[in-house]
Amino acid sequence: QERLVESGGGSVQTGGSVRLSCAASGRTFSSSSMGWFRQAPGKEREFVAAITWSGDYTYYADSVKGRFTISRDNAKNTVFLQMNSLKPEDTAGYYCAAQYYHGRSLYYSTNYDYWGQGTQVTVSS
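Computed from a predicted model, the values in this text were never measured in an experiment.

**What to know about the nonpolar core**
Right, so step 1: Counting residues in hydrophobic clusters, the biggest one holds 35 residues, and the most contacted among them are Trp36, Leu81 and Tyr94.
Right, so step 2: Within the residue set of this core, elements represented by two or more residues are β3 (18–24), β4 (33–39), β5 (46–51), β7 (68–73), β8 (78–83), β9 (92–99) and β11 (119–124).
Right, so step 3: Discounting chain neighbours no more than four positions away, the residues touching Leu81 are Val18, Arg19, Leu20, Trp36, Val48, Ala49, Phe68, Thr69, Ile70 and Tyr94.

**Quick word on the side chain of Glu2**
Right, so step 1: Relative to the assigned elements, Glu2 resides in the segment before β1 (4–7).
Right, so step 2: In this structure, Glu2 is buried with no salt-bridge partner, the nearest side chain bearing the opposite charge being Arg72 at 8.2 Å.
Right, so step 3: Among the polar contacts made by the side chain of Glu2, one reaches the main-chain amide nitrogen of Phe29 at a distance of 3.3 Å.
Right, so step 4: Setting aside residues up to four positions removed in sequence, Glu2 forms contacts with Ala24, Ser25, Gly26, Arg27, Thr28, Phe29 and Tyr114.

**Remarks on the state of the cysteines**
Right, so step 1: In total, this model carries one disulfide according to the counting rule given.
Right, so step 2: With a sulfur-sulfur separation of 1.9 Å, Cys22 is cross-linked through a disulfide to Cys96. Measuring handedness by torsion sign, the sulfur bridge of Cys22 and Cys96 sits at about 45° and is right-handed. Pair noted here: Cys22 is in strand β3 and Cys96 is in strand β9, with a separation of 74 residues, a long-range link.
Right, so step 3: We classify Cys96 as buried; its relative accessible area is 0%.

**Concerning the pattern of salt bridges**
Right, so step 1: A complete count under the given rule lists five salt bridges for this structure.
Right, so step 2: With its nearest N and O atoms 2.9 Å apart, the salt bridge here joins Arg38 to Asp90. In this pair, Arg38 is assigned in strand β4 and Asp90 in the loop between β8 and β9, connecting sequence segments 52 residues apart. Here Arg38 matches Asp90 in class, with each residue buried.
Right, so step 3: The closest approach of N and O atoms between Asp90 and Arg67, which form a salt bridge, is 2.8 Å. Linking Asp90 in the loop between β8 and β9 with Arg67 in the loop between β6 (58–60) and β7, this pair joins segments that are 23 residues apart in sequence. Side by side, Asp90 and Arg67 carry an identical accessibility label, which is buried.

Calculation criteria
- Starting afresh in each chain, residues are numbered from 1 along the sequence in its written order.
- In keeping with the predicted nature of the model, local features appear solely for residues at pLDDT of at least 70, side-chain atom pairs appear and are counted solely at 80 or more, and the whole-chain, interface and lining totals rest on all residues.
- Values shown for side chains rest on all heavy atoms present in the structure; no hydrogens or waters enter the calculation.
- The set of buried Ala, Val, Leu, Ile, Met, Phe, Trp, Tyr and Cys residues whose side-chain atoms join them within 4.5 Å is what this entry labels a nonpolar core.
- A 1.4 Å probe rolled over the protein chains alone gives each residue an accessible area, and that area as a share of the maximum for its type sets the label: buried under 20%, exposed over 50%, partly exposed in between.
- The way it works is that DSSP assigns letters per residue, a run of H or I at least four long becomes a helix, a run of E at least two long becomes a strand, and they are numbered from the N terminus.
- The criterion used for residue contact is that any of the two residues' heavy atoms lie within 4.5 Å.
- In this tally Asp and Glu are treated as negative and Lys and Arg as positive; neither His nor the chain ends contributes.
- Definition used for salt bridges: Asp or Glu carboxyl oxygen within 4 Å of a side-chain nitrogen of Lys or Arg.
- As used in this structure description, the phrase polar contact means that two N or O atoms lie within 3.5 Å; if the pair is within protein, one of them must be able to donate a hydrogen and the other to accept it, and residues adjacent in sequence are counted only when both atoms belong to side chains.
- Cysteine sulfur atoms are paired as a disulfide whenever they fall within 2.5 Å.

Below you can see the structure in the form of structure tokens.
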């Protein structure tokens, strides 16, 4: 069982930056690919970014490419999402997720095995 806890959310103005962290407490983190998803009120949860278990490959939604960076520190069981040049449309609850059973696309929320409770990011204009 993997327990994931997000932190780092908050309120920021347009153009600002936020760094989200997701700390994992289980024993499978270093073997798990990790993803970040977000969900705004009244909208479906959408893919933001993902990183493979080795950290060799990263994937981004077109809407955040060039602005967000996903990274991981396996020694600290933590995955990060650096969010720069934030826009009001980035306002959402942000959730990290772990895919322990490999071989599935990292773009789809249904392919993840464990989820955190989420952290809110609000970008004001």
